[in-house]
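Here is what each chain is made of, one letter per residue.
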Amino acid sequence: MSQYLLVLVWVAIAAVIAKYANVDKKVLIEGVEETRYYWLFAVIVILPVIFMAGYRPVEFGDTMAYMGHFRDAPDSVNGIKDFVDSRGKDPGFYYFESLIKVFITKDVNVFLTIVAALQGIILVSVYRYYSTDFMFSAFLFIASADYISWMFNGIRQFTAAMIVFAAVPFLLKKKYVPLLLIILFASTFHQSALIMLPIVFIVQGEAWNKRTLAVIALAVLAIVFVGRFTGIMDSSLQDTQYKNVVTEYTAFGDNGTNPIRVLVYSVPTVLSLYGRKKIKESNSRLLNICVNMSIVSTGLYAVSIFTSGIFLGRLPMYCSLFNYILLPWEIKLIFEEDMRKTINLGAIVFYIAYYVYQTHFTWGLY
């Protein structure tokens, strides 16, 4: 059986263990007592993904490029600055890469494993604490094929996204100074993290507030006037590493994000609209932020269908990660108890079908 299917089997086994073994404890979340899994168990759940990412095929995505960068990195501290300067962008990541090579390992697969471990541990640490059903959140991240899209490819950007994701406590408590400093630090790993500077303010407040509705309106306008929108984007990116990347996306065979993929990512947004009244009654800052993040990601993904999947299609990752906290909460909050098992089962079947479609029929991985 393919490793891409075995990882789903692993999640199923972990879910059975979680059900019958003592791997959880009671904690207070926003003043309410909740059950949460132990941190070590959460890390064990993501371990197969970490090793798959570390030892993925050389020809997968931009893996060969990352391997080349690592081999070019200096073997001593003295050469680090010149190496980082030669890259011309994202200095934080290349300092990080160089320090790993100088002080930890010269093995490129171990390097990739370390990067994946950093990403995976941050991800499950946030999910185990804030999700009402960690195993379901972990399943959603894997069955959406996000681990393949982001941990096997574009790892600089996903590392930046994970650094920002680790700052969720500051986002919830509106501690903007440390939050903005973390975003600026993440932008040294990948400049796209700067998109979160306005978003952290947009998503505050009630779900479906005027700011998030404005995001949807802007997305619709961008789609209707797509030619003018791409011109504006290119003008605004002239002094960045993304100069001309939007209008030249077709030269790279980039015909936008797959609409089916966008449909899958929009499910939590649609559910939040359906259950808007109950979400409002819950008065949960966490839920409100997750809903608003989902709305922003849906808007960005919708625009990426008609423009660039490589550039715009990757930006929503900073927000769509909240979908996997949101969906378990929505099912618990919106639906009556006798319906939840049916909805959960339907969601599992739906995401497995999408995973097979994406990994087998679209990407041809097995």
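Residues numbered from 1 in each chain as written. Predicted model: local features only at pLDDT ≥ 70, side-chain atom pairs only at ≥ 80, totals over all residues. Heavy atoms only, no water.

**Here's the deal with the overall build of the protein**
Along the protein, the regular secondary structure elements total 20 helices and two strands. Taken over C-alpha atoms, the radius of gyration comes to 20 Å for the protein, in line with the 21 Å a tight globule of 366 residues would show. Relative to its 366 residues, the protein shows a buried fraction of 52%. Once local pairs closer than 6 in sequence are excluded, the contacts in the protein between residues at least 24 apart make up 75%. When the accessible surface of the protein is totalled, it reaches about 16600 Å², and 65% of it is carbon and sulfur. (Helix = DSSP H or I, 4+ residues; strand = E, 2+ residues; numbered from the N terminus. Rg over C-alpha atoms; globule rule 2.2 N^0.38 Å. Buried < 20%, exposed > 50% of the residue type's maximum accessible area, 1.4 Å probe, protein only. Contact = heavy atoms within 4.5 Å. Areas by Shrake-Rupley, 256 points an atom, 1.4 Å probe, with all protein chains shown as cover.)

**Structural notes on helix 6 (residues 108-130)**
Residue pairs three or four apart in sequence face the same way in an α-helix, which turns once every 3.6 residues. Taking 1.5 Å per residue as the helical rise, helix 6 with its 23 residues ought to reach 33 Å, and the 34 Å between its terminal C-alpha atoms agrees with that figure. Between a side-chain oxygen at the N-terminus of helix 6 and the backbone nitrogen of Asn109 the separation is 2.8 Å; the capping residue is Asp107. (Expected span 1.5 Å × (residues − 1). Polar contact = N/O pair within 3.5 Å; in protein donor to acceptor, adjacent residues only side chain to side chain.)

**Some thoughts on the packing of helix 6 against helix 19 (residues 323-334)**
Packing of helix 6 against helix 19 leaves a shortest axis separation of 10 Å and a crossing angle of 20 degrees. One way to sum up the angle between helix 6 and helix 19 is to call them roughly parallel. Crossing angle aside, the handedness with which helix 6 passes helix 19 is right-handed. For the pair formed by helix 6 and helix 19, the contact residues are Val126, Tyr127 and Tyr130 on the first element and Tyr324, Ile325 and Trp329 on the second. Among the residues forming the contact of helix 6 with helix 19, the class breakdown is six nonpolar, no polar and no charged. (Axes fitted to C-alpha atoms, helices over the stretch in contact; angles between N-to-C directions. Parallel < 35°, antiparallel > 145°, perpendicular 65-115°, else oblique. Left-handed = near helix turned anticlockwise from the far one by under 90°. Nonpolar A, V, L, I, M, F, W, Y, C, P; charged D, E, K, R; others polar.)

**Points about the packing of helix 2 (residues 39-54) against helix 7 (residues 134-143)**
At their nearest, the axes of helix 2 and helix 7 sit 11 Å apart, and the two run at 15 degrees to each other. Between helix 2 and helix 7, the angle falls in the class roughly parallel. Considering how the two elements wind past one another, helix 2 and helix 7 form a crossing that is right-handed. Together, Phe41, Ala42, Val45 and Val49 of helix 2 and Phe134, Met135, Ala138 and Ile142 of helix 7 make up the contact between the two elements. In terms of residue class, the contact of helix 2 with helix 7 is built from eight nonpolar, no polar and no charged.

**A short note on the nonpolar core**
The nonpolar side chains of a soluble globular protein tend to be buried, and buried together. Core analysis: the biggest nonpolar cluster contains 110 residues, and Phe141, Tyr147 and Phe165 have the highest contact counts within it. Looking at this core, the element that brings in the most residues is helix 6, giving eleven residues. Residues within four places of Tyr147 in sequence aside, it is in contact with Tyr4, Val7, Val49, Met52, Phe141, Ile142, Phe152 and Tyr355. One finds Ala219, Ala222, Val303 and Leu312 within the second-largest nonpolar core, a separate group that totals five residues. (Core = buried A, V, L, I, M, F, W, Y, C linked by side-chain atoms within 4.5 Å.)

**Structural notes on helix 15 (residues 259-274)**
Across its 16 residues, helix 15 extends 22 Å between first and last C-alpha, which sits within 8% of the 22 Å expected from 1.5 Å per residue. Of all the bends found along helix 15, the most pronounced is centred on Ser266 and spans about 40 degrees, while Pro268, a proline, follows it within four residues. Within the sequence span of helix 15, burial applies to Arg261, Val262, Val264, Tyr265, Ser266, Pro268, Thr269, Leu271 and Ser272. Elements that come into contact with the buried residues of helix 15 comprise helix 8 (146-151), helix 16 (276-282), helix 17 (285-306), helix 18 (317-320), helix 19 and helix 20 (337-362). (Bend = angle between axes of the 7 residues up to and from the residue.)

**Digging into the side chain of Arg56**
Among the structural elements, Arg56 can be located in the loop between helix 2 and helix 3 (63-72). For Arg56, the side chain forms a polar contact with the main-chain oxygen of Ala53, separated by 2.4 Å. With residues near it in sequence (within four places) discarded, Arg56 still touches Thr63, Leu112, Met151, Phe152 and Ile155.

**A closer look at the environment of Val43**
Mapped onto the elements, Val43 comes out in helix 2. Taking the C-alpha atoms as reference points, Val43 and Val9, separated by 34 residues in sequence, lie 16 Å from one another. Contact partners of Val43, with chain neighbours within four places excluded, come to Ile121 and Val124.

**Some points on the side chain of Thr359**
Tracing the chain through its elements places Thr359 in helix 20. The class for Thr359 is buried, based on a relative accessible area of 0%. Engagement of the side chain of Thr359 in a polar contact is seen with the backbone oxygen of Tyr355, the distance being 2.7 Å. Ignoring any residue separated from it by four or fewer positions in sequence, one finds Thr359 in contact with Ala145, Ile148, Gly364, Leu365 and Tyr366.

**Here's the deal with the confidence of the model for the protein**
Across the protein, pLDDT averages 90, with 90% of residues at or above 70. Averaged pLDDT values for the elements of the protein fall to 52 in helix 14 (residues 226-236) and rise to 98 in helix 11 (residues 176-187). (pLDDT = per-residue confidence, 0-100.)

**Quick word on the pattern of salt bridges**
Scanning the entire structure with this criterion turns up seven salt bridges. Ionic pairing is found between Glu34 and Arg36, a salt bridge with its closest N-O pair at 3.8 Å. With relative accessibility at 2%, the residue Arg36 sits in the buried group. The shortest N-O distance in the salt bridge between Lys81 and Asp85 comes to 2.9 Å. On the criterion of helical spacing, the pair formed by Lys81 and Asp85 is a turn pair, its members being four residues apart in helix 4 (residues 80-87). You can call Asp85 partly exposed: its relative accessible area is 46%. (Salt bridge = Lys/Arg side-chain N within 4 Å of Asp/Glu carboxyl O.)

**Side note on the packing of aromatic side chains**
Counted by the stated rule, this structure contains 28 aromatic pairs. Aromatic side chains Phe83 and Tyr94 sit 6.1 Å apart centroid to centroid with 85 degrees between the ring planes, which places their arrangement in the edge-to-face category. One end of the pair, Phe83, is in helix 4; the other, Tyr94, is in helix 5 (residues 91-103), and eleven residues separate them in sequence. Assessed through its relative accessible area of 7%, Phe83 is described here as buried. A relative accessible area of 2% places Tyr94 in the buried class. (Phe/Tyr/Trp six-rings, centres within 6.5 Å; stacked < 30°, edge-to-face > 60°.)

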